[in-house]
Number of protein chains: 2
Amino acid sequence: MARVEEILSRVQAEGDAALMELTERFDGVRPDPLRIPPQRLADAWQATPASLKDALRLAHQRILSFHQHQLPADLAVTGPHGELLGRRWRPVQRAGLYVPGGRASYPSTVLMNAVPARVAGVQRLVMVTPPGPGGEPHETVLAAAHLAGVEEVYRVGGAQAIGALAFGTATIPRVDVISGPGNLYVTLAKKAVYGRVAIDSLAGPSEVLVIADHSARADQVAADLLAQAEHDPLAAAILLTTSPELAAAMPAALAAQLENHPRAEITRTALNDWGLIVLCDSLGRAAQLSDCFAPEHLELLVEDPEILAEQIQHAGAIFMGPYTPEAVGDYLAGPNHTLPTAGTARFAGALSVETFMRHTSLIRFNREALEATGSAVITLAESEGLHSHAESVKRRLN
Amino acid sequence: MARVEEILSRVQAEGDAALMELTERFDGVRPDPLRIPPQRLADAWQATPASLKDALRLAHQRILSFHQHQLPADLAVTGPHGELLGRRWRPVQRAGLYVPGGRASYPSTVLMNAVPARVAGVQRLVMVTPPGPGGEPHETVLAAAHLAGVEEVYRVGGAQAIGALAFGTATIPRVDVISGPGNLYVTLAKKAVYGRVAIDSLAGPSEVLVIADHSARADQVAADLLAQAEHDPLAAAILLTTSPELAAAMPAALAAQLENHPRAEITRTALNDWGLIVLCDSLGRAAQLSDCFAPEHLELLVEDPEILAEQIQHAGAIFMGPYTPEAVGDYLAGPNHTLPTAGTARFAGALSVETFMRHTSLIRFNREALEATGSAVITLAESEGLHSHAESVKRRLN
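Residues numbered from 1 in each chain as written. Chains lettered and ligands numbered in written order. Predicted model: local features only at pLDDT ≥ 70, side-chain atom pairs only at ≥ 80, totals over all residues. Heavy atoms only, no water.

Identification of chain A as Histidinol dehydrogenase from Cyanobium usitatum str. Tous is taken from an unreviewed UniProt entry. Under Function (unreviewed entry), UniProt gives the following word-for-word description of chain A: "Catalyzes the sequential NAD-dependent oxidations of L-histidinol to L-histidinaldehyde and then to L-histidine." In its Pathway (unreviewed entry) section, UniProt records this for chain A: "Amino-acid biosynthesis; L-histidine biosynthesis; L-histidine from 5-phospho-alpha-D-ribose 1-diphosphate: step 9/9." (UniProt positions renumbered as here; feature names shortened; annotations may be inferred.)

Right under this line is the structure:
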């Protein structure tokens, strides 16, 4: 945290010069100019293979369509005396989207962050992403930005990018909300600037918890656990099952799919450190244990997933039945893949359109409403010793 | 922040013993037992004068009624292949309500925090409030807790109370969300535990900005500015007006109402340090200046407040027309009085029912949906180098 605070202070004091120097130090590239020319985004899209273009278009369309249903409605309530009480939603003016580099540089991250911001109606989307070894971000990340309508992309990452979005520099505008996952430096920087800007959440390593009964196929469960473990050596993959046969079959099923796995080392490390198979005496017990963990992703590979889902209190997203591997939600089902980790599903949900909006209360009393309620306001104000609060009502009733 | 971190560490390590010792040190009282007997809450309500009871009941009823309109609806969307995509809202299980002591110990704070939590459906409300000099919290605060249905009240405040709610002790349960205003220690403690629990916001000193034209009465404007200034020496009270006559009349109007004012010293300090009167050449210009400030409370004392409200981008709450002094919103209009301060209306809104809820995404694909989208998922997974993500789909389609 001390190192993050120092980086943030430097960005606040020195602006672009600090971004240049810190990026050179941490990423080995001097990102001058910071901004990726907009034409580069269009070129990256043009250069994308047709099958990947189609897949990205389908994902974009489905994510867009689901998020449009989240747009919150304004409230306008008329009180008993004809007074107006309301709540008005508006988009924030500027959103900052953080897209990680390295192993976790994913075009799907771009879509899952940019689409809700655009559906909210945010005027200005500012994307930051660290330059790779060649000085440029990941090509498909740029293509996805183009598809999602993001025009402003800067090649800077880490805590310094979060500082730029929170404080603003000569080149990068200060934003109102910062979303997107990152490494520990990014997460600590987001926590540090929280309050000065809104942030989506503090993301930890990804997790899946699978509840499976006798109806689940061992090779499918194994693929789902491995799909989590392959993300990150710290990813957690947990199976709770009522089937002794399934539990017994898992080690061999996992081992078979780890052969020739392109990320075998990461995956094996995650399974060793954060993998777990638990045999439960009932699905109800499995649901209780799952709630203790409050998983980011919960798969219900059971005969009647709807009934079990009703019993679950805490989960970021629930994937129901045999045809819903988590991967469909990661890419294109529609709901957001940015989900609460590390037990925070107790109080948080997926990134959503509302993340990029805020509301304003509206109150318009008329004379009748003030006459009907004014003496209560005066009584309450005087009980709290707030003389002028009472006076502000009296001077309207006299 | 270092002192806050130390207090939080002690509470995490030593639990109730730390609460006893820290409360004795900071509040001069050893709060043993910590919990206020539930009967004390009912007794406090019984002992409340009838007129204050009626005023509290009216406020409670109106706040309840407005917040019930905020309950979010679940989403259940059927995709093109019959797949289910949904979002399910649930209350958090436990909420912690912080009610300050001393000068800012208000029964209205109790109602404004407890009512949205109860409307959300939170099972367990845990209120903390520091003991006064006699060892007991403010009597009307206890009465308001009884009215709002809060049964669990602990006499502990400051950063140590936030620590208790975030970590849990033998006596005080760990909660999922902490809401409520407090002094700088409380605010820094909320920031420190943010991420481990949800928090409502980081509250700063209160502010009002009044936009007034020739139709506004100087004595009413003065009362409204003083009603903000009397809260706190750091409170800001700002007038933007297009009327030279009104601007010229303000000093005398303020001085007249400061005579014999019970909080004259606080109020005068706030006006001197944070008061401002600005003469604007148009209401449009006033709206622009107001947006630069993004006020917590915005009063529109102008002939056509609806038109002006449309031009405003950033405000926590807008009070429209001559019969809507901010005080009605502070106590009983209906919308919440916990509002974004210090420019955070750019990205935040009032405390609301959703503060005490979270949502879970629901996805249920069928075979047809997976067949229609599976190849796109595989393409995207392979483009990101996530082998088992692709495998998890292939093993369901074969």
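From this point, the narrative continues.
In this section: the layout of surface pockets. Residue and element names in this part refer to chain B. Approximately 250 Å³ is the volume attributed to the second largest pocket. Considering every element that reaches the lining of the second largest pocket, the biggest residue donor is helix α12 (residues 283-293), with three residues. Grouping the constituent residues of the lining of the second largest pocket by class yields five nonpolar, five polar and six charged. (1 Å grid on protein atoms, 1.4 Å probe; cavity = no way out; pocket = protein on both sides within 12 Å on 5 of 7 lines; lining within 4 Å. Points joined across faces, edges and corners; volume = space filled by probe spheres on them. Helix = DSSP H or I, 4+ residues; strand = E, 2+ residues; numbered from the N terminus. Nonpolar A, V, L, I, M, F, W, Y, C, P; charged D, E, K, R; others polar.)

Here the focus is unusual backbone geometry. Residue and element names in this part refer to chain A. In this structure, Pro33 follows Asp32 across a cis peptide bond, with omega equal to 5 degrees. With respect to the helices and strands, the residue Pro33 is situated in the loop between α2 (16-27) and α3 (38-46). Backbone geometry places Asn260, a non-glycine residue, at a positive phi of 60 degrees. Following the sequence through the fold, Asn260 ends up in the loop between α10 (244-258) and α11 (264-274). The backbone of Ala294 shows a phi angle near 50 degrees, a positive value even though the residue is not glycine.

Aligned on chain B, chain A shows an RMSD of 0.0 Å; the corresponding rotation is 180 degrees and the shift along the axis is 0.0 Å. What the rotation and shift describe, once combined, is the action of a two-fold rotation axis. When you check the interface residues of chain A against chain B, 100% turn up at the interface there too, and the contact is symmetric in its surfaces. (Least-squares fit on C-alpha atoms with pLDDT ≥ 70 in both. Contact = heavy atoms within 4.5 Å.)

All names here are of chain B. Where helix α15 (residues 367-383) contacts helix α16 (residues 387-397), the two axes come as close as 9 Å, and the packing angle between them is 150 degrees. The angle between α15 and α16 places the two elements in the roughly antiparallel class. The handedness of the crossing between α15 and α16 is left-handed. Listed contacts from α16 to Arg367, Leu370, Glu371, Gly374, Val377, Ile378, Ala381 and Glu382 of α15 are His389, Ala390, Val393, Lys394, Arg396 and Leu397. A per-class count over the contact of α15 with α16 returns seven nonpolar, two polar and five charged. (Axes fitted to C-alpha atoms, helices over the stretch in contact; angles between N-to-C directions. Parallel < 35°, antiparallel > 145°, perpendicular 65-115°, else oblique. Left-handed = near helix turned anticlockwise from the far one by under 90°.)

On to the UniProt feature "active site" (unreviewed entry) in chain A. Residue and element names in this part refer to chain A. Mapped onto this numbering, the UniProt entry gives "active site" (unreviewed entry) at Glu296 and His297. Take Glu296: it is sitting in the loop between α12 (283-293) and β11 (297-301). With sequence-adjacent residues up to four places away left out, Glu296 is seen in contact with Pro205, Ser206, Glu207, Ala315, Gly316, Ala317, His337, Leu339, Pro340 and Thr341. Polar contacts involving the side chain of Glu296 include one to the side chain of Ser206, which spans 2.9 Å. Within the element layout of this structure, His297 appears in strand β11. Filtering out sequence-adjacent residues up to four positions away, His297 remains in contact with Ser206, Glu207, Val208, Leu209, Gln228, Ala317, Phe319, Glu326, Asp330 and Leu339. Polar side-chain contacts of His297 include one of 3.5 Å to the side chain of Glu296. (Polar contact = N/O pair within 3.5 Å; in protein donor to acceptor, adjacent residues only side chain to side chain.)

Moving on: the environment of Ala229 of chain B. All names here are of chain B. Within the secondary structure, Ala229 sits in helix α9 (residues 218-229). With 42 residues separating them along the chain, Ala229 and Leu271 place their C-alpha atoms 6.3 Å apart. The residues contacting Ala229, other than those within four sequence positions of it, are Ala235, Ile266, Thr267, Ala270 and Leu271.

Most of strand β13 (residues 357-364) of chain B is tucked away: seven of the eight residues are buried. Inspection of the sheet shows strand β12 (residues 317-320) of chain A paired to β13 of chain B by three bridges, in the parallel sense. Bridging across to β13 of chain B, Ile318 of chain A finds its partner in Leu362 of chain B. (Buried < 20%, exposed > 50% of the residue type's maximum accessible area, 1.4 Å probe, protein only. Pairing = 2+ DSSP bridges.)

Many authors give the size of an interface as the accessible area that is lost as the parts come together. Listed per partner, the contact involves 124 residues of chain A and 124 residues of chain B. Between chain A and chain B, roughly 10,600 Å² of surface is buried when both sides are summed, and carbon and sulfur atoms account for 56% of that area. Among the residues of chain A in contact with chain B, Tyr323, Arg346 and Arg396 of chain A are the three that bury the most area, contributing 8% of the side total. Seen at the junction of chain A and chain B, the total is 14 salt bridges. The salt bridge involving Arg90 of chain B is made with Glu310 of chain A; its shortest N-O contact spans 3.5 Å. Connecting chain A to chain B are 75 residue pairs in polar contact (both at pLDDT 80 or more). No other element matches helix α15 (residues 367-383) of chain A, which puts nine residues into the side of chain A that touches chain B. (Buried area = accessible area lost by both parts, 1.4 Å probe. Salt bridge = Lys/Arg side-chain N within 4 Å of Asp/Glu carboxyl O.)

To continue, consider the domain arrangement of chain A. Per the domain assignment, the segments making up chain A are domain 1 (2-199), domain 2 (207-331) and domain 3 (366-397). One C-alpha centre belongs to domain 2 of chain A, the other to domain 3 of chain A, and the line joining them spans 59 Å. (Domains from an automatic or database assignment.)

Another aspect to go through is the pairing of strand β9 (residues 236-241) of chain B. Residue and element names in this part refer to chain B. Where burial is concerned, most of β9 is hidden: six out of the six residues are buried. Residues Ala236, Ile238 and Leu240 point to one face of β9 and Ala237, Leu239 and Thr241 to the other, with burial holding for every one of them. Relative to β9, strand β8 (residues 207-212) runs parallel, the two being bridged by six bridges. Directly across from Ile211, in β9, lies its bridge partner Leu240. In this region the chain leaves β8, passes through α9 and returns to the parallel neighbour β9; the handedness of that crossover is right-handed. (Right-handed = clockwise from strand over helix to strand, strands pointing away.)

What follows deals with the UniProt feature "binding site: substrate" (unreviewed entry) in chain A. Under the feature "binding site: substrate" (unreviewed entry), the UniProt entry names Ser206, Gln228, His231, His297, Asp330, Glu384 and His389 of chain A. Of the residues just listed, which span 184 residues, the most distant C-alpha pair is 56.9 Å apart, and they do not cluster in one region. Residue position: His231 of chain A is located in the loop between α9 (218-229) and β9 (236-241). In this structure His231 of chain A touches Arg103, Tyr106, Arg263 and Ile266 of chain A together with Leu386 and His389 of chain B, once residues within four positions along its chain are discounted.

Further remarks concern the sheet that holds β13 of chain B. Taking strand neighbours across the sheet as the criterion, the eight strands line up as β10(A)-β9(A)-β8(A)-β11(A)-β12(A)-β13(B)-β2(B)-β1(B) in an open arrangement whose pairing is mixed. Edge positions in the sheet fall to β10 (275-279) of chain A together with β1 (75-78) of chain B, since each of these pairs with one other strand and no more. Adjacent strand axes in the sheet meet at a mean angle of 15 degrees, parallel and antiparallel pairs treated alike. Here strand β2 (residues 84-91) of chain B pairs with β13 of chain B via eight bridges, running antiparallel. Looking at β13 of chain B, one finds that Gly86 of chain B is bridged to Leu362 of chain B. Where α11 of chain A meets the sheet, it contacts β9 and β10 of chain A, and its direction lies at approximately 50 degrees from that of β10 of chain A.

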